[in-house]
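# Fold and contact review
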Amino acid sequence: MENAEREATGLRDDADGVGGAWRDAPCPVVVADRAGTVAALNTAAAAAFPGLRPDTPLRRGAPPWLTAAHRALTASPDLPAPAPKSVRGSHAGRDFTAHATLTAGGRRVVWWLIDDSELSAAREALRGEREQAALLARASGELLSSLNERHCRETTARLSARYLADAAVLVSPGRGGGLPVTYGLRGADPVHAVVRADVRSVPGLTEALQGLPPTPSRWIPPDALPEWAVPPGFEGPVDSVAVIPLPGPGVPAGALILLRRGANRSSSDREEVFARLFAVRAGAALAAARMYAEQAGITATLMHELLPPRLRAVQGVEYAGGYRPSGSGERVGGDFYDVHPGAGGTADTLAVLGDVCGKGLDAAVLTGRIRNTLHALLPEADDHHRLLTLLNSALTTSRHTRFATLVLASVRRLPDGALLRLTSAGHPPPLIVRADGAVEEAATHGSLIGVLPAVHSTTATTKLAPGESCLLFTDGITEARGGPLGDTLFGTGRLRRALTGCARLPAEAIVERVQTLVADWVGPRPHDDMALTAITLPPTTRPDDADRPTQGRLTP
Amino acid sequence: MDDDQESTVIGERAGAAYVVRVPAEADHELAPDLQTVLDAALDTEAERTVVDLSRTDFADSTMLHVLLAAQRAHRGRGRPMVVAGPFGHTVHRLFEVTGTAGFFELAETTHAATGAADRDR
């Protein structure tokens, strides 16, 4: 029997005695002749393909892909000419690679079947991982492409409905009474809504919104899912629901309710991990967008509070202000100016222009404190040194060395001109433009505010005749870099030369001219905040000219 | 001297002093580096810190802020800090306009400032 089979397969014992070893080989081996009849098979083959029997057609027990490969191989009349190739296929949940060798002078084909199910599974898993990594990268890109909170929520809902479930509901932390939700439905645009709802009506949602350590996002039964938790237009019954927290840095960014129906209800471990990774990215993007929105809101509030006033005339003296914030985004700058008309319409008007060192919220807070303190100290405005001393002691703390420089200008209308008292507190001294075009630097100097234990200051007094002006400016003007090479400071000399041509001009025109010159000088290059205020006695005014007093506060 | 040396802050021991050499341009871009080196100076065993501004021909208020903070930190630790020249026009004017010259201990030259440290020993 054994000898007969050996004869039949054409597998002859060789000198080493291994010829029959194929019967005990761990991989299935099937021998078939050119007509497609099974000649022999080993134990492993009989186990893997129970339908196969010797002397019966291969097609009765072998998977179709193997039968087809055998037919293709034996169709060629001049066997063994083309080297047989291996083929791949699966059978009963296992994956095989079948290698063919020829025997018995080409009359028979021996199929060696290698079970590589594990390898295929690994390959499949790798492909899946790669797809998910690519998907996550794309999702991150989309999520981070905008700092607009609404857009970010839409993206999260849309991507969730496309990749994680049939539909998704993004629940954002509420700021007021309502619960902001964004509905994502596969193939439809996301929809925003604010619902009056109890978060406790969805199991796990309260915890997710509180940012508690993520519990396994198990799929929960959809029984008694409240109506608001199902996107409008969702067709068919909800078969399973999962709640996934969206972790943000420090604060929870919201939660996702994922809805699935029918065949999609089960969820593999890999999908779980993917959902979790997606949630981390979405949470980070949402938190960033929310923080940005809050900061932009604060900035807008501050900017509004500090909006430059349109300064006009007080007691026949013109005031004009100009401010150009540095181009560095939505940040509150440190330059400011204010004009406080004198009490009763006869007291001195106080103009203040200042520059707080630094930028951002800290600088804005100090700017606000300086302006408010100055406002409170207006009754002391007759004595600049005393005013600065009081301001300095109010602002000097041991906590920081943030400082401000400023210049005070008290303006008193005289019958034939305007008397100016000018005091610099660590600030570039004002420039006086005489009617004949001469430009003088006010002889004032003093120490900056907010750092030193005591301040010193020297006040300059000068008189403006009709047609003359005084210009207060921050160092953003003189330190503006530009020119042909782009790195030259605008400088005081250039400013003085520009002012020579500003004699007898209205205050507005002087501000505009200086701003234009500096803007041309700087071009598109970055620059610091630039603020300036012109105080002008018009050539033809008299003290009793109609006043249009404006209480001015101005800061970027 | 290569570009690196021309545009960065260098801190080094010179006798009993720790000398912080400030480059030509001391603006807001340099300020964080200057602060780092000045902070580091306080952690050394040197008897005093000398800020060498002799090469500096532009300095703005952000550099002044760093110097003011460093001066205060040095006082808090009982360590002398000397700001040394010769000062260029812009630096001179910055101290003058802001009225801060009196807040710092100024020296004509780095040599004078470091020499003072060695004499003190």
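Residues numbered from 1 in each chain as written. Chains lettered and ligands numbered in written order. Predicted model: local features only at pLDDT ≥ 70, side-chain atom pairs only at ≥ 80, totals over all residues. Heavy atoms only, no water.

Attention shifts here to the overall build of chain A. Along its length, chain A carries 13 helices and 26 strands. Looking at chain A alone, contacts between residues at least 24 apart form 63% of all its contacts between residues at least 6 apart. Accessible surface computed for chain A: about 25,800 Å², of which carbon and sulfur atoms make up 55%. (Helix = DSSP H or I, 4+ residues; strand = E, 2+ residues; numbered from the N terminus. Contact = heavy atoms within 4.5 Å. Areas by Shrake-Rupley, 256 points an atom, 1.4 Å probe, with all protein chains shown as cover.)

Our next topic: the interface of chain A and chain B. Listed as interface residues are 26 residues of chain A and, on the opposing side, 17 residues of chain B. Around 1,600 Å² of area is buried between chain A and chain B when both sides are counted, 58% of it from carbon and sulfur atoms. When the shortest N-O distance is used, the salt bridge between Glu25(B) and Arg481(A) registers 2.9 Å. Inspection of the chain A/chain B interface yields four residue pairs in polar contact (both at pLDDT 80 or more). In the side of chain A that touches chain B, the residues fall into nine nonpolar, eleven polar and six charged. (Buried area = accessible area lost by both parts, 1.4 Å probe. Salt bridge = Lys/Arg side-chain N within 4 Å of Asp/Glu carboxyl O. Polar contact = N/O pair within 3.5 Å; in protein donor to acceptor, adjacent residues only side chain to side chain. Nonpolar A, V, L, I, M, F, W, Y, C, P; charged D, E, K, R; others polar.)

Residue and element names in this part refer to chain A. Running from N to C, helix H9 (residues 360-376) and helix H10 (residues 384-395) cross one another at 140°; their axes reach a closest spacing of 10 Å. In terms of their interaxial angle, H9 and H10 are classed as oblique. Of the two possible hands of crossing, H9 and H10 adopt the one that is right-handed. Facing H9, whose interface residues are Leu 366, Arg 369, Ile 370, Thr 373 and Leu 374, H10 presents Leu 387, Leu 391, Ala 394 and Leu 395. Counted by class, the contact of H9 with H10 contains seven nonpolar, one polar and one charged residues. (Axes fitted to C-alpha atoms, helices over the stretch in contact; angles between N-to-C directions. Parallel < 35°, antiparallel > 145°, perpendicular 65-115°, else oblique. Left-handed = near helix turned anticlockwise from the far one by under 90°.)

What follows concerns the sheet that holds strand S19 (residues 439-441) of chain A. Hydrogen bonds between backbone atoms are what pair the strands of a sheet, whose relative direction is either parallel or antiparallel. Residue and element names in this part refer to chain A. Spatially, six strands are ordered S12-S13-S25-S22-S18-S19 in an open sheet, and the strand pairing comes out antiparallel. Of all strands in the sheet, those bounded by a partner on one side alone are strand S12 (313-314) and S19. In terms of strand pairing, strand S18 (residues 431-433) meets strand S22 (residues 469-473) through three bridges, oriented antiparallel. Looking across to S22, one finds that Ile 432 is bridged to Cys 470. Across the sheet, helix H12 (residues 491-500) is in contact with S18, S19 and S22; its angle to S19 comes to roughly 140°. Each of strand S13 (317-324), S22 and strand S25 (530-536) is contacted by helix H13 (residues 507-522), which is oriented at about 25° to S13, the strand it contacts most. (Pairing = 2+ DSSP bridges.)

Now for the sheet that holds strand S1 (residues 29-33) of chain A. All names here are of chain A. Strand order in the open sheet formed by five strands is S2-S1-S5-S4-S3, with antiparallel pairing between adjacent strands. This sheet does not close on itself; its edge strands, each paired only once, are strand S2 (38-41) and strand S3 (87-91). Recorded for the sheet is a direction-independent mean angle of 30° between the axes of neighbouring strands. Pairing geometry for strand S4 (residues 94-103) and strand S5 (residues 108-115), over eight bridges, is antiparallel. Directly across from Phe 96, in S5, lies its bridge partner Asp 115. The strands touched by helix H4 (residues 64-75) within the sheet are S1, S3, S4 and S5, with S5 carrying the most contacts at an inclination of about 145°. Together, S3, S4 and S5 form the strand contacts of helix H5 (residues 117-144), whose direction differs from that of S4 by roughly 130°.

To continue, consider the packing of aromatic side chains. Counted according to the given criterion, the structure contains five aromatic pairs over all chains. Aromatic side chains Phe49(A) and Phe96(A) sit 5.6 Å apart centroid to centroid with 40° between the ring planes, which places their arrangement in the tilted category. Pair noted here: Phe49(A) is in the loop between helix H2 (43-48) and helix H3 (58-61) and Phe96(A) is in strand S4, with a separation of 47 residues, a long-range link. Among the residues examined, Phe49(A) registers a relative accessible area of 0% and is labelled buried. On the numbers, 5.7 Å between centres and 80° between planes, the contact of Phe103(B) with Phe104(B) is edge-to-face. (Phe/Tyr/Trp six-rings, centres within 6.5 Å; stacked < 30°, edge-to-face > 60°. Buried < 20%, exposed > 50% of the residue type's maximum accessible area, 1.4 Å probe, protein only.)

With that settled, the discussion passes to H10(A). All names here are of chain A. Taking 1.5 Å per residue as the helical rise, H10 with its twelve residues ought to reach 16 Å, and the 16 Å between its terminal C-alpha atoms agrees with that figure. Listed as buried for H10 are His 384, Leu 387, Leu 388, Leu 391, Asn 392 and Leu 395. Buried residues of H10, viewed axially, fall in a sector of 130°; they line one side. Where H10 begins, the side chain of Asp 383 points an oxygen toward the backbone nitrogen of His 385, at a separation of 3.2 Å. (Expected span 1.5 Å × (residues − 1). Arc of directions from axis to C-beta.)

Residue and element names in this part refer to chain A. Summary statistics for chain A give a mean pLDDT of 82 and a share of 84% for residues scoring 70 or more. Note that pLDDT drops below 50 for residues 1-15; the model gives that stretch 20 contacts with residues more than four away or on any other chain. Low pLDDT, under 50, characterises residues 545-556; the stretch is placed with 54 contacts to residues that sit more than four places away or in other chains. (pLDDT = per-residue confidence, 0-100.)

What follows deals with the pattern of salt bridges. All names here are of chain A. Counted under the stated rule, the structure contains 21 salt bridges over all chains. A salt bridge links Glu 142 to Arg 158; its shortest N-O distance comes to 3.2 Å. Taken together, the residues span a long stretch of sequence, with Glu 142 in helix H5 and Arg 158 in helix H6 (residues 149-163) at a distance of 16 residues. Judged by its relative accessible area of 26%, Glu 142 is partly exposed. Residues Glu 149 and Arg 290 are paired through a salt bridge, measuring 3.2 Å at the closest nitrogen-oxygen approach. Here Arg 290 lies in helix H8 (residues 269-305) and Glu 149 lies in helix H6, a separation of 141 residues in the sequence. Comparing Glu 149 with Arg 290 shows no difference in burial state: the two are buried. The network of salt bridges with common partners includes Asp 348, Asp 382, Arg 412 and Arg 421.

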